[in-house]
Amino acid sequence: MTTRMVLDTAGKDVTDMLRTAGLRPTRQRVSLAEILYSKGDRHVSAELLHEEAVDADVPVSLATVYNTLHQFTEAGLLREVAIEGNKTYFDTNVSDHHHFFIEGENRVIDIPGEGVGIGKLPTAPEGMEVVRVDVVVRVREKR
């Protein structure tokens, strides 16, 4: 189970958060973290974060944004939410929870509280353990 690292925007800054997570607070990491965590819990794609960085005059390539998001995920600062094979979102809320994917809007939102119950899990293969179960419920406007 992942422990959620909380960013206290009123006190603890992103430099401390990165150091606590074992990451060197480079200028680009600090800038991207400030953009990511300044708006509370949210789900972002690499493309959206890159666009926000460009709008904030942060000189960073899309490849660097991808690398940074994966480094933050490995350090426990983000949670990766895969939607199909080709679309990935990064969630600033790393607590155990599930997601709605809103089709047509390409938007991910948290399922509140205990909104999903998992009845029975298969036995993990020998030498393996279940780490987490991710449920993505696809929704759309009623027709």
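Right above here is the structure, for reference.
Being a predicted model, the structure only gives us computed values, none of them experimental.

Observations concerning the overall build of the chain
Of the regular secondary structure elements, the chain holds four helices and six strands. For the chain, the sequential pattern of α-helices and β-strands runs α-α-β-α-α-β-β-β-β-β. If one aligns the C-alpha atoms of the chain with their principal axes, the spans along those axes are about 45 × 45 × 30 Å. Looking at the chain residue by residue over its 143 residues, the buried ones come to 35%. Relative to all contacts within the chain whose residues are 6 or more apart in sequence, the contacts with residues 24 or more apart total 44%. For the chain, the exposed area adds up to about 9100 Å²; of that, 49% sits on carbon and sulfur atoms.

Remarks on unusual backbone geometry
The phi dihedral of D57 falls on the positive side, at around 60 degrees, and the residue is not glycine. With respect to the helices and strands, D57 occurs in the loop between α3 (46-55) and α4 (62-74). Within the chain, N106 stands out as a residue other than glycine whose phi angle is a positive 50 degrees.

With respect to the pairing of strand β5 (residues 107-110)
As judged from the four bridges shared by strand β4 (residues 99-102) and β5, these two strands associate in the antiparallel manner. If you follow F100 over to β5, its bridge partner there is I109. Hairpin geometry of β4 and β5 is characterised by an intervening segment of four residues between the two adjacent antiparallel strands and by a positive phi of about 85 degrees at G104.

Here's the deal with the packing of aromatic side chains
Applying the stated criterion across every chain, the model contains one aromatic pair. With 6.4 Å between their ring centres and 55 degrees between their planes, Y89 and F101 make a pair best called tilted. Highlighted residues: Y89 in strand β3 (residues 87-91) and F101 in strand β4, separated in sequence by 12 residues. Residue Y89 is classed as buried on the basis of its relative accessible area of 5%.

Observations regarding the sheet that holds β5
Strands sit in the order β5-β4-β6 across an open sheet of three strands; the sheet is mixed. Looking at the sheet topology across the chains shown, the edges are occupied by β5 and β6 (136-139). On average, adjacent strands in this sheet sit at an angle of 30 degrees to one another, irrespective of strand direction. Bridging between β4 and β6 involves four bridges; their strand directions are parallel. In the strand pairing of β6, I102 is matched with V139.

Parameters and conventions
Starting afresh in each chain, residues are numbered from 1 along the sequence in its written order. For this predicted model, a pLDDT threshold of at least 70 governs which residues receive local features, and a threshold of 80 or more governs which side-chain atom pairs are given and counted, while totals over whole chains, interfaces and linings are taken from all residues. Only hydrogens and water are set aside when side-chain values are computed; all heavy atoms of the structure are taken into account. The secondary structure listing takes helices from DSSP runs of H or I that are at least 4 residues long and strands from runs of E that are at least 2 residues long, numbered from the N terminus. In this scheme, a residue with accessible area under 20% of its type's maximum is buried, one over 50% is exposed, and one in between is partly exposed, where area comes from a 1.4 Å probe on protein chains only. The contact definition used throughout considers only heavy atoms, calling two residues in contact when any of these lie within 4.5 Å. Residue burial considers only the protein chains on display, and all accessible areas are found by Shrake-Rupley using a 1.4 Å probe. If DSSP finds at least two bridges between two strands, the strands pair. In summary, the pairing rule links any two rings of Phe, Tyr or Trp, Trp by its six-membered ring, whose centres are within 6.5 Å, and it sorts them by plane angle into stacked for under 30 degrees, edge-to-face for over 60 and tilted for everything else. Axis lines are fitted to C-alpha atoms, over the contacting stretch for helices. Their N-to-C directions set the angle, which ranges from 0 to 180 degrees.

Honestly, that's just the spatial picture; any functional story needs more than this.
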